[in-house]
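# Topology and contacts: notes
Each chain, written out:
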Amino acid sequence: MIRPGLYSITFRDLGADELVDLAAAAGLVGVEWGADVHVPVGDEAEAARVADRSRTAGLACPSYGSYVQAGQTPRDEVERVADTALALGVVNVRIWTPYGTGPDAPADERAAVVAGVAEAAAVIDDRGLTTSLEYHVGTLTETAASTLSVMAEVD
């Protein structure tokens, strides 16, 4: 079932509370909160506050939009992202494959990114959360085929 929602980074200029009010008024059912502005990595108190404010307004928080770059973001930072996601009460953390490593990348570059996805996913899984991949041009997840390939390689 498709449920209407939004990703908070679309409205970077709004505060989290204003965004909650507008999303609820628009009849949306969820917000994927972004780590860049509204729910900063490591600010678990703010994550819990935004989660509570969202629930009170009838909005789900299904996913945390992180800027984890597979194979580049250090493990301790991925752990901080996952802990912030837990405080936010989400079930999923979205991560990225790095820009510049596309579907036609050399095998060693591709393998490094896939290993990075696997490592980040393991950290996130250790906290009982799922991982999703940003689908974006200029990355290894630029096409459906390349994204499915990464997912199959990570298992």
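In this report, the structure presented in the accompanying data block is examined. (Residues numbered from 1 in each chain as written. Predicted model: local features only at pLDDT ≥ 70, side-chain atom pairs only at ≥ 80, totals over all residues. Heavy atoms only, no water.)

## Focus on helix H5 (residues 144-154)
Ser146, Thr147 and Val150 are the residues of H5 that are buried. Down the axis of H5, the buried side of the element spans an arc of 105°, and every buried residue falls inside it. Of the exposed residues in H5, the ones pointing more than 90 degrees away from its buried face are Ala145, Leu148 and Ala152. For H5, the secondary structure elements touched by its buried residues are helix H4 (107-125) and strand E5 (130-133). Following H5 by one or two positions, Asp155 adopts a phi angle in the positive range, close to 70°. (Buried < 20%, exposed > 50% of the residue type's maximum accessible area, 1.4 Å probe, protein only. Helix = DSSP H or I, 4+ residues; strand = E, 2+ residues; numbered from the N terminus. Arc of directions from axis to C-beta. Contact = heavy atoms within 4.5 Å.)

## Description of the packing of H4 against H5
Following both chains from N to C, one finds H4 and H5 inclined at 65°, their axes separated by 9 Å at the closest point. The handedness of the crossing between H4 and H5 is right-handed. Of the residues in H5, those touching H4 at Arg110, Val114, Val117 and Ala118 are Ser146, Ser149, Val150, Glu153 and Val154. Here the residues of the contact of H4 with H5 sort into five nonpolar, two polar and two charged. (Axes fitted to C-alpha atoms, helices over the stretch in contact; angles between N-to-C directions. Left-handed = near helix turned anticlockwise from the far one by under 90°. Nonpolar A, V, L, I, M, F, W, Y, C, P; charged D, E, K, R; others polar.)

Function cannot be read off these values alone, since they describe shape.
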